[in-house]
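One-letter residues, chain by chain:
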Amino acid sequence: MWLLTALLLWVPVGGQVEPTKAVITLQPPWVSVLQDEKVTLLCEGPQQSGDNSTQWFLNGTAIQTSTSRYSITAASINDSGEYRCQTGLSMPSDPVQLDIHRDWLLLQASSRVFTEGKPLTLRCHAWKNKLVYNMLFYQNGKTFKFSPWNSELTIQKTNMSHNGIYHCSGMGRHRYTSAGVSVTVKGLQSSTPVWFNILFYLSVGVIFLVNTVLCITIHKELQRKKKWNLEISLTSDYRKKVNSYLQKDRNLEEEVKCLEQEEQPQERVHQKNPEGEQ
């Protein structure tokens with residue numbers, strides 16, 4: 001029973017390891033771009049031997065390309081949507097939403113959804129890379145950063161306070177303001193620490209070892225008792241046979257004695273008769 005339990009604990013749920021998901025990365029790394037700009041999507045995932053083909057999907061519909069790079073040379077509104085990819089030995093990737101905008105100023109983000117602790121990069125980007133200066137960055141309508149020339153801003157470690165709607169403004173011929181971008185920071189998922197996994201598998205190994213030793217010991221003890229019972233049985237049968245033979249011998253002795261007793265009177269009679277004749 002312990003052996004079965006240990007084996008069941010050792011086997012992963014479902015009895016097999018799930019395939020790896022493919023991963024999409026963007027070059028440049030922005031999930032929103034302006035119209036007519038170039039963007040390349042890269043798909044990374046395990047491939048079958050001799051087959052490097054990749055499947056691409058836009059809003060659930062297959063795209064007619066089979067390479068790991070999907071390039072958009074001049075983005076248009078029709079290129080907006082949810083992209084997924086899949087390689088020969090991978091699961092479909094998580095969706096990547098790419099948005100194409102018609103604006104003069106655009107706040108770009110490296111992603112819209114982050115895990116707590118990951119970096120968030122924002123970029124106040126002008127159409128055709130026009131010069132923008134005296135930029136202001138806003139979160140939920142409040143200014144939190146001023147930058148005279150640097151159009152990029154990085155928050156190294158995000159936390160739950162960084163959730164919200166972000167936008168920027170900057171000076172060109174006059175002050176331009178971008179549309180808002182929603183950024184979501186998710187809390188860290190509780191993961192099992194490495195030491196717990198090590199301790200768990202060591203415990204399973206010890207249980208398995210103890211169970212094996214107990215099984216061997218019990219098996220040997222059962223074999224010993226079985227042999228002992230067999231010896232007792234054989235000894236008992238032998239004793240029964242000996243007793244039977246002894247009883248037969250006693251019966252024969254008694255019969256012999258009876259016969260001897262019957263013969264003795266007859267001999268005496270014969271001995272007396274000759275004396276009378278004389």
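To be clear, the structure that these remarks concern was listed above.
Owing to the predicted nature of the structure, the values given are computational and were not obtained by experimental measurement.

Parameters at a glance
Residues numbered from 1 in each chain as written. Predicted model: local features only at pLDDT ≥ 70, side-chain atom pairs only at ≥ 80, totals over all residues. Heavy atoms only, no water. Helix = DSSP H or I, 4+ residues; strand = E, 2+ residues; numbered from the N terminus. Disulfide = S-S within 2.5 Å. Buried < 20%, exposed > 50% of the residue type's maximum accessible area, 1.4 Å probe, protein only.

K.L.:
Help me understand unusual backbone geometry, please; the structure alone is not making it clear to me.
P.N.:
Glycine aside, residues mostly have negative phi, and peptide bonds are mostly found in the trans state. Cis geometry marks the peptide bond from Gln27 to Pro28, where omega comes out at -10 degrees. Examined against the element boundaries, Pro28 turns out to sit in the loop between β1 (23-27) and β2 (32-34). With phi around 50 degrees, Asn134 is a residue other than glycine that occupies positive phi space. Among the secondary structure elements, Asn134 is positioned in strand β12 (residues 133-139).

K.L.:
Could you clarify how one ought to interpret the state of the cysteines in this entry?
P.N.:
A disulfide bridge is the covalent bond that connects two cysteines by way of their sulfur atoms. Enumeration according to the criterion identifies two disulfides in this entry. Between the sulfur atoms of Cys43 and its disulfide mate Cys85 the distance is 2.0 Å. Across the disulfide from Cys43 to Cys85, rotation about the S-S bond amounts to roughly 80 degrees, and the bridge is consequently right-handed. Taken together, the residues Cys43 in strand β3 (residues 39-44) and Cys85 in strand β7 (residues 81-87) connect sequence positions 42 residues apart. Look at Cys43 and you get buried, because its relative accessible area is 7%. Each disulfide pairs two cysteine sulfurs, and for Cys124 the partner residue is Cys168, the sulfurs being separated by 2.1 Å. Looking down the S-S bond of the Cys124 and Cys168 bridge, the torsion is 85 degrees, so its handedness is right-handed. Residue Cys124 is located in strand β11 (residues 120-126), and its partner Cys168 is located in strand β15 (residues 164-171); the two are separated by 44 residues in the primary sequence. Residue classification places Cys124 among the buried residues on the basis of a relative accessible area of 3%. Classification of Cys168 as buried rests on a relative accessible area of 0%.

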